[in-house]
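# Overview (structure and organization)
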Amino acid sequence: MGLYFQGLTMGLAYVAPIGMQNLFVINSALTRTRRNALITAVIVIFFDIMLSLACFFGIGALMQAHPWLQTVVLGLGGAVVVRIGLGLLLPKKKSTSENGAGAGAVAAATASTASPVAGAEAPAKRLGLRGLLKTVGTACVVTWFNPQAIIDGTLMLGAFAATLSAQQATPFITGVETASVMWFLGVTLVVNALAHKFNPKIIGVLNRVCGGIIVLYGIKLLVDFAMAVL
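Residues numbered from 1 in each chain as written. Predicted model: local features only at pLDDT ≥ 70, side-chain atom pairs only at ≥ 80, totals over all residues. Heavy atoms only, no water.

Our next topic: the overall build of the chain. The number of helices and strands found in the chain is 10 helices and zero strands. N-terminal to C-terminal, the α/β element order of the chain is α-α-α-α-α-α-α-α-α-α. Across the 230 residues that make up the chain, the buried fraction comes to 47%. Expressed as a percentage of contacts within the chain between residues at least 6 apart in sequence, the contacts between residues at least 24 apart total 80%. As displayed, the chain offers around 11000 Å² of accessible surface, 72% of which is attributable to carbon and sulfur atoms. (Helix = DSSP H or I, 4+ residues; strand = E, 2+ residues; numbered from the N terminus. Buried < 20%, exposed > 50% of the residue type's maximum accessible area, 1.4 Å probe, protein only. Contact = heavy atoms within 4.5 Å. Areas by Shrake-Rupley, 256 points an atom, 1.4 Å probe, with all protein chains shown as cover.)

Written as structure tokens, this is what we have:
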């Protein structure tokens, strides 16, 4: 159990810092029904678990061994992340028949839920196939399109993997994955429970703040991409 709790605490330290994943989950919890917000959280958890497993087994070493791969991910990731942030920062209003959805990747991912940012309507009860696919795509981007995070995760988790036997690795990485589940479900439930206290105007401001931060993340990736190319 000691290794499991060690993995649990390491996992919380790994996932808790506010980044693109947390911003996406918080935005979803604010603007979607509890059911749809939990679906979003589960999708993010899936990609986060895949990432932590990859880091644990050393995918960061692959990127370090092949700099061109890191450069490609930096360029694509930066461009997509900026687009995601702009979708929140500069939402486009649609007619009520189109559920008042915002534009951009994150905004589009929440479009089928009729985010109150675009209007005062209640969020849709179901994501729909299109909304589900966009949510999956966005969750993938905010998790995987940051090579530096992959390398940092590899240094953090891979360092522990190097000191553990095969039998010891199982409870440790199980604790790490448990932390991911606890964190994202917990954040979703808490934020969603408090969402009714925020009117559409306040949520709109929060969305723009999240969007601005995500744009800065994307710009940083693009700057790193430009430096790698030059």
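Having seen the structure, we can now continue with the description.
Applying the stated criterion to the full structure yields one salt bridge. Among the ionic pairs, aspartate 224 bridges to lysine 220, the shortest N-O distance being 3.1 Å. Of the two residues, aspartate 224 and lysine 220 are both situated in helix α10 (residues 200-229); the distance of four residues between them amounts to about one turn of the helix. You can call lysine 220 partly exposed: its relative accessible area is 48%. (Salt bridge = Lys/Arg side-chain N within 4 Å of Asp/Glu carboxyl O.)

We now examine the nonpolar core. Among the nonpolar cores identified, the biggest contains 26 residues, and Val44, Val81, Ala139, Phe184 and Ile214 are the most heavily contacted of them. Contributing elements (two or more residues each) for this core: α2 (20-31), α3 (34-56), α5 (67-89), α7 (128-144), α9 (166-194) and α10. In terms of residue count, the dominant contributor to this core is α2 (six residues). Sequence-distant contacts of phenylalanine 184, that is, excluding residues within four places in its chain, are made with Val15, Gln21, Asn22, Val25, Ala41, Val44, Ile45 and Asp48. Of all hydrophobic cores here, the second largest spans 13 residues; its members include Leu164, Ala169, Phe172 and Val176. (Core = buried A, V, L, I, M, F, W, Y, C linked by side-chain atoms within 4.5 Å.)

This part covers the packing of aromatic side chains. All told, the structure shown has four aromatic pairs when counted by the stated rule. Both rings, one in tyrosine 4 and one in phenylalanine 5, keep their centres 5.5 Å apart while their planes meet at 75°; by these two values the pair is edge-to-face. Each residue in the set Phe56, Phe57 and Phe172 is aromatic and connected to the rest through ring pairs, giving one cluster. (Phe/Tyr/Trp six-rings, centres within 6.5 Å; stacked < 30°, edge-to-face > 60°.)

Side chains of Val190, Leu194, Phe198, Ile202 and Leu206 sit close together on the surface and give an oily, nonpolar patch of about 380 Å² of accessible area. Going through the elements one at a time, α9 and α10 are the ones with two or more residues in the nonpolar patch. Relative to the elements of secondary structure, leucine 206 occurs in helix α10. Residue leucine 206 is classed as partly exposed on the basis of its relative accessible area of 30%. (Patch = residues over 30% accessible without salt bridge, like charges linked within 9 Å, V, L, I, M, F, W, Y side chains within 5 Å.)

Let us now look at the environment of isoleucine 214. With respect to the helices, strands and loops of the structure, isoleucine 214 is situated in helix α10. Between the C-alpha atoms of isoleucine 214 and leucine 88, which are 126 residues apart in sequence, the distance is 9.0 Å. The contact partners of isoleucine 214, leaving out residues within four places of it in the chain, are Leu23, Val81, Ile84, Gly85 and Leu88.

Let us now look at the confidence of the model for the chain. Close reading of the predicted structure is inappropriate where its pLDDT is low. Of all residues in the chain, 82% have pLDDT values of 70 or greater, and the mean over the chain is 79. Note on residues 94-120: pLDDT is under 50 here. Beyond four places in sequence and across chains, it has 73 contacts. (pLDDT = per-residue confidence, 0-100.)

On the secondary structure map, threonine 188 appears in helix α9. Residue threonine 188 is classed as buried on the basis of its relative accessible area, which comes to 1%. The contact partners of threonine 188, leaving out residues within four places of it in the chain, are Val25, Ala29, Ala37, Leu38 and Ala41.

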